[in-house]
Each structure stands twice: as C-alpha cells, then as structure tokens.
Amino acid sequence: MNIQIFGTKKCNDSKKAERFFKERGIKYQFIDMKEKGMSKGELNSVAQANGGLDNLLNPDCKDKDALALVSYISGDQKLAKLLENQQVIRTPVVRNGRQSTIGYQPDVWKGWQ
C-alpha cells in the first residue's frame with residue numbers, strides 16, 4: 001500500500017486518519033494542505049474516484065466566499081479555482097494508488113489491507 005493523507009494539522013479527522021494507519025503499522029505520507037496542496041493530476045484522480053469535483057467541497061469550511069465561488073462555476077474553471085482554493089476541500093483526502101476517500105472513512109480503509 002502507498003497511503004497518502006492530505007489534510008491539515010488542526011483537522012481532527014486528519015489526526016484520526018493518521019492514528020488509524022499508525023495503529024495498524026501501515027506506513028503513510030502526510031501532506032499538510034496549508035503548506036503544499038494537491039497537484040492538478042492528484043486532484044483530478046481524487047475527483048474521479050469520488051464522483052466529481054462537487055463531492056470534494058466542504059460545506060462547513062470557514063472560507064464561505066471561496067466555497068461559493070468554486071460551487072457556482074463549471075468545468076475547467078472549477079478545477080482551476082479549486083486548485084487555487086484548496087482550503088474548501090473536505091479533509092482528510094486519503095489516497096491509495098487510484099483509490100481515494102474524502103473524510104474519515106475507516107471502514108473503506110480496512111478493505112484496502
């Protein structure tokens with residue numbers, strides 16, 4: 001397994017995801033989205049695995065203006081704006097090759113082992 005956890009250090013669900021893999025002795029790479037976000041390819045891959053860009057959006061994020069902007073544009077513009085405003089993505093985003101999840105989903109991760 002090649003686990004990547006995209007999240008923030010303050011996000012409780014990101015911390016729980018790290019704990020999940022640590023407790024099982026599974027190596028993972030943590031990427032702090034405040035320091036280094038996802039690349040265009042990574043974002044596309046995650047969006048495809050999870051049913052589109054709209055499913056990545058966090059309705060409870062603090063930046064309501066950016067969320068509104070990203071929510072109401074379409075197509076390639078939406079991808080570009082989401083790359084610029086990754087603070088509106090629900091965390092953690094956990095990737096295992098082409099598989100990925102959004103949010104804390106230990107039941108899905110157990111199936112990856």
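Values in this document were obtained by computation on a predicted structure and should not be read as measured data.

Angle between the axes and distance between the axes are the two parameters that describe a pair of packed helices. Direction vectors running N to C along helix H3 (residues 64–72) and helix H4 (residues 75–84) enclose 160°, while the axes themselves pass 8 Å from each other. When the interaxial angle is binned, H3 and H4 end up roughly antiparallel. Our pair here, H3 against H4, has a crossing hand that is left-handed. Seen from H3, the contacting residues are Leu69, Val70 and Ser71; seen from H4, they are Lys78, Lys81 and Leu82. Across the contact of H3 with H4, the residue classes tally to three nonpolar, one polar and two charged.

Oppositely charged side chains can form a pair if their charged atoms are brought close together. With the rule as written, the count across this model stands at seven salt bridges. One salt bridge in this structure joins Arg95 and Glu42, with 3.8 Å as the shortest N-O distance. One end of the pair, Arg95, is in strand E3 (residues 93–96); the other, Glu42, is in helix H2 (residues 40–49), with 53 residues separating them in the sequence. We classify Glu42 as buried; its relative accessible area is 16%.

This part covers the packing of aromatic side chains. All told, the structure shown has four aromatic pairs when counted by the stated rule. Between Phe21 and Trp109, the ring centres sit 5.3 Å apart and the planes meet at 40°, which makes this aromatic pair tilted. Pair noted here: Phe21 is in helix H1 (residues 12–23) and Trp109 is in helix H5 (residues 106–110), with a separation of 88 residues, a long-range link. For Phe21, a relative accessible area of 0% gives the class buried. In this structure an aromatic cluster arises from ring pairing among Phe20, Phe21, Tyr104 and Trp109. The cationic tip of Lys16 hangs over the ring face of Tyr104; the distance from NZ or CZ to the ring centre is 4.7 Å.

With four bridges connecting them, E3 and strand E4 (residues 99–102) associate as antiparallel partners. Paired with Arg95 across the bridge in E4 is Ser100. Adjacent in sequence and paired antiparallel, E3 and E4 are bridged by two residues, among which Gly97 carries a positive phi angle near 65°.

In terms of nonpolar packing, the biggest core is built from 20 residues, with Met38, Leu43, Leu53, Leu56, Leu82, Val88 and Ile89 touching the most fellow members. Secondary structure elements with two or more residues in this core: H2, H3 and H4. Other than its neighbours up to four places away in sequence, Val88 contacts Leu56, Leu57, Asn58, Cys61, Asp63, Ala66, Leu67, Val70 and Leu82. One finds Ile3, Ile26, Val94 and Trp109 within the second-largest nonpolar core, a separate group that totals nine residues.

Reading across the sheet, the four strands line up as E2-E1-E3-E4 and stay open at both edges, with mixed pairing between neighbours. Each edge of the sheet is formed by a strand with only one pairing partner; in this case those strands are strand E2 (28–32) and E4. For this sheet the average axis-to-axis angle between neighbouring strands, irrespective of direction, equals 15°. The strands that H2 touches are strand E1 (3–7), E3 and E4; relative to E3, the one it contacts most, it runs at about 90°.

Conventions we followed
- Residues numbered from 1 in each chain as written.
- Predicted model: local features only at pLDDT ≥ 70, side-chain atom pairs only at ≥ 80, totals over all residues.
- Heavy atoms only, no water.
- Axes fitted to C-alpha atoms, helices over the stretch in contact; angles between N-to-C directions.
- Helix = DSSP H or I, 4+ residues; strand = E, 2+ residues; numbered from the N terminus.
- Parallel < 35°, antiparallel > 145°, perpendicular 65-115°, else oblique.
- Left-handed = near helix turned anticlockwise from the far one by under 90°.
- Contact = heavy atoms within 4.5 Å.
- Nonpolar A, V, L, I, M, F, W, Y, C, P; charged D, E, K, R; others polar.
- Salt bridge = Lys/Arg side-chain N within 4 Å of Asp/Glu carboxyl O.
- Buried < 20%, exposed > 50% of the residue type's maximum accessible area, 1.4 Å probe, protein only.
- Phe/Tyr/Trp six-rings, centres within 6.5 Å; stacked < 30°, edge-to-face > 60°.
- Lys NZ or Arg CZ within 6 Å of the ring centre and 35° of its normal.
- Pairing = 2+ DSSP bridges.
- Core = buried A, V, L, I, M, F, W, Y, C linked by side-chain atoms within 4.5 Å.

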